[in-house]
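# Overview (structure and organization)
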Amino acid sequence: MKMKFPGEVAKKKAREVFLLWEDYLRDPTWHPYGIITDEGGCCKEIINGEDEGPKHLKSEIGEDAYNAVIRAKNEINKYNIRDGFVVQKVRNFRENRRATERGDITCV
């Protein structure tokens, strides 16, 4: 993997980017989606390729960061459909999924 920033600069830049995107994700008014209709007449939300935020993130920081933000926004929309607020969930990072209730209890 090619490094875009050297050592300490990379850490500082990562923190800045993290805080910026954390704010975006916590903002329930940020909606980077467009709606398309398929051949069957069903509507589907897709990421708006013209939204400057994700577009800039993908070009400047990279595909991995972009995918992480999009996955997080999709989860916020999926689990909090009405208001889009962030709700804390326990994750199983080894299996890349939300932890089960048993896993929640074990963690606590």
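See the structure shown above.
Read on for a plain summary of the structure. (Residues numbered from 1 in each chain as written. Predicted model: local features only at pLDDT ≥ 70, side-chain atom pairs only at ≥ 80, totals over all residues. Heavy atoms only, no water.)

Let's shift gears to the packing of helix α2 (residues 52-60) against helix α3 (residues 63-79). Where α2 meets α3, the closest approach of the two axes is 6 Å, and the angle between their N-to-C directions is 150°. Relative to α3, α2 is oriented roughly antiparallel. Between α2, through Pro-54, Leu-57 and Lys-58, and α3, the contact on the second element is made entirely by Glu-63, Ala-65, Tyr-66, Val-69 and Ile-70. Partitioning the contact of α2 with α3 into residue classes produces six nonpolar, no polar and two charged. (Axes fitted to C-alpha atoms, helices over the stretch in contact; angles between N-to-C directions. Helix = DSSP H or I, 4+ residues; strand = E, 2+ residues; numbered from the N terminus. Parallel < 35°, antiparallel > 145°, perpendicular 65-115°, else oblique. Contact = heavy atoms within 4.5 Å. Nonpolar A, V, L, I, M, F, W, Y, C, P; charged D, E, K, R; others polar.)

What follows concerns the pattern of salt bridges. In the structure shown here, the tally under the stated rule is five salt bridges. Residues Arg-26 and Glu-22 are paired through a salt bridge, measuring 3.6 Å at the closest nitrogen-oxygen approach. Note that Arg-26 and Glu-22 are positioned in helix α1 (residues 7-26) at a spacing of four residues, about one turn of the helix. On the accessibility criterion, Arg-26 (41% relative accessible area) is partly exposed. Residue classification places Glu-22 among the partly exposed positions, given a relative accessible area of 26%. Glu-50 serves as the salt-bridge partner of Lys-55, at 3.9 Å between the closest nitrogen and oxygen. Among the residues examined, Glu-50 registers a relative accessible area of 57% and is labelled exposed. What emerges from the salt-bridge pattern is a single network uniting Glu-50, Glu-52 and Lys-55. (Salt bridge = Lys/Arg side-chain N within 4 Å of Asp/Glu carboxyl O. Buried < 20%, exposed > 50% of the residue type's maximum accessible area, 1.4 Å probe, protein only.)

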